[in-house]
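The primary structure of each chain is shown beneath.
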Amino acid sequence: MTKVLYPGSFDPITKGHMNIVKQASDLFDEVIIAVLQNPLKKSSLFTLEERIEIIKELYKNVSNIKIVSDSKAAVDIALLYGCKAIIRGLRSLSDYDYEVQLQQINKEISNNQINTICLFADKEYQFVSSSVVKELFNLNKDFSRYVSPLVQEKMLIKKLR
Ligand code: ADP
């Protein structure tokens, strides 16, 4: 049984992320989504707990997709859950530069136990990012095509509060 870990901050989870999850779940026996607090991203729209709750709700009926959260390094979470590799999504050259560094570090700190597999979102989702969704949301512009109806609803509720 081959398990893989898909770590990210998912603030919020977009259709781009969901497209990567779908591809990974078709390729591997189990996908574990690790919802993390990215220290480089200071402010977040949803709390960690809210992000976990949303993602759990989205995948509640999918048996080979599990959701976890931990303050450990992604490689340690991968080892903890018996994952063979980390999945990352690639959009652009700027993603590539960052991901190349990250996969090398992850390989080193896990003593070559954890490799990284990059997947590409389908073309309609290639340019979707959590930050673009948040920008549109803040400008009161329609962002519905980039997120699931559940995420849209949770974002609109935030605005009303
Ligand atoms: P992080 O804070 O770790 O970058 P993100 O939630 O921003 O977490 O992203 C998690 C992963 O999903 C990253 O590998 C990112 O490049 C990838 N990703 C995000 N949006 C897309 C998309 N539209 N297409 C492909 N990959 C994506």
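Residues numbered from 1 in each chain as written. Predicted model: local features only at pLDDT ≥ 70, side-chain atom pairs only at ≥ 80, totals over all residues. Heavy atoms only, no water.

## Topic: the overall build of the protein chain
Here's step 1: Looking only at helices and strands, the protein chain has six helices and five strands in total.
Here's step 2: Going from N to C terminus, the protein chain has its helices and strands arranged as β-α-β-α-β-α-β-α-β-α-α.
Here's step 3: Since a compact globule built from 161 residues should have a radius of gyration of about 15 Å, the 15 Å found for the protein chain is in line with a globular shape.
Here's step 4: Overall size of the protein chain, expressed as C-alpha extent along the three principal axes, is 45 × 35 × 30 Å.
Here's step 5: Burial status across the protein chain gives 43% buried among its 161 residues.
Here's step 6: Pairs at least 24 residues apart make up 74% of the contacts formed inside the protein chain by residues separated by at least 6 positions.
Here's step 7: Carbon and sulfur atoms make up 53% of the accessible area of the protein chain, which totals about 9,300 Å².
Here's step 8: Between the centroid of the 22 positive side chains of the protein chain and the centroid of its 19 negative side chains there is a distance of 3 Å. (Helix = DSSP H or I, 4+ residues; strand = E, 2+ residues; numbered from the N terminus. Rg over C-alpha atoms; globule rule 2.2 N^0.38 Å. Buried < 20%, exposed > 50% of the residue type's maximum accessible area, 1.4 Å probe, protein only. Contact = heavy atoms within 4.5 Å. Areas by Shrake-Rupley, 256 points an atom, 1.4 Å probe, with all protein chains shown as cover. Lys, Arg positive; Asp, Glu negative; His and termini not counted. Charge placed at Lys NZ, Arg CZ, Asp CG, Glu CD.)

## Side note on the site of the ligand
Here's step 1: Close to the ligand lie 19 residues, the nearest being Tyr6, Ser9, Gly89, Tyr125 and Val128.
Here's step 2: Here a nitrogen atom of the ligand sits 2.7 Å away from a polar atom, N or O, in the main chain of Tyr125.
Here's step 3: Between the ligand and Val128, the relevant distance is 2.7 Å, taken from a nitrogen atom to a main-chain nitrogen or oxygen of the residue.
Here's step 4: Protein coverage of the free-state accessible area of the ligand, which is 550 Å², stands at 93%.
Here's step 5: Judged by the proximity of its atoms to the pocket grid, the ligand belongs to the largest pocket.
Here's step 6: Put simply, the parts of the chain that give the shell around the ligand at least two residues each are β1 (3-8), α1 (15-27), β4 (85-90) and α4 (93-109).
Here's step 7: For the shell around the ligand, the residue count by class is eight nonpolar, six polar and five charged. (Near = heavy atom within 4 Å. Polar contact = N/O pair within 3.5 Å; in protein donor to acceptor, adjacent residues only side chain to side chain. 1 Å grid on protein atoms, 1.4 Å probe; cavity = no way out; pocket = protein on both sides within 12 Å on 5 of 7 lines; lining within 4 Å. Sits in = over half its atoms within 2 Å of the grid points. Nonpolar A, V, L, I, M, F, W, Y, C, P; charged D, E, K, R; others polar.)

## Quick notes on the nonpolar core
Here's step 1: Counting residues in hydrophobic clusters, the biggest one holds 32 residues, and the most contacted among them are Ile33, Val35, Ile55, Tyr59, Ile67, Ile87 and Met155.
Here's step 2: Mapped onto this core, the elements with two or more residues apiece are β1, α1, β2 (30-35), α2 (48-58), β3 (65-69), β4, α5 (130-138) and α6 (149-160).
Here's step 3: Broken down by element, the residue count for this core peaks at four residues, all from α2.
Here's step 4: What Ile87 contacts, discounting residues up to four positions off in sequence, is Val4, Leu5, Tyr6, Pro7, Ile20, Ala24, Phe28, Ile117 and Leu119.
Here's step 5: If you look at the next biggest cluster of nonpolar residues, it comprises twelve residues, including Ala74, Val75, Ala78 and Ile114. (Core = buried A, V, L, I, M, F, W, Y, C linked by side-chain atoms within 4.5 Å.)

## Some thoughts on the packing of aromatic side chains
Here's step 1: Tallied over the full model, the rule gives two aromatic pairs.
Here's step 2: Taking 5.2 Å as the distance between ring centres and 70° as the angle between the ring planes, the aromatic pair formed by Tyr6 and Phe10 counts as edge-to-face. This pair shows no difference in class: Tyr6 is buried, exactly as Phe10 is.
Here's step 3: With 5.8 Å between their ring centres and 90° between their planes, Phe137 and Phe143 make a pair best called edge-to-face. Of the two residues, Phe137 and Phe143, both sit in the buried class. (Phe/Tyr/Trp six-rings, centres within 6.5 Å; stacked < 30°, edge-to-face > 60°.)

## Structural notes on α6
Here's step 1: Along its twelve residues, α6 runs 17 Å from first to last C-alpha, staying within 8% of the 16 Å computed at 1.5 Å per residue.
Here's step 2: Restricting attention to buried positions, one finds in α6 the residues Leu150, Val151 and Met155. Down the axis of α6, the buried side of the element spans an arc of 135°, and every buried residue falls inside it. Exposed side of α6, more than 90 degrees from the buried face: Pro149 and Leu160 are the residues found there. (Expected span 1.5 Å × (residues − 1). Arc of directions from axis to C-beta.)

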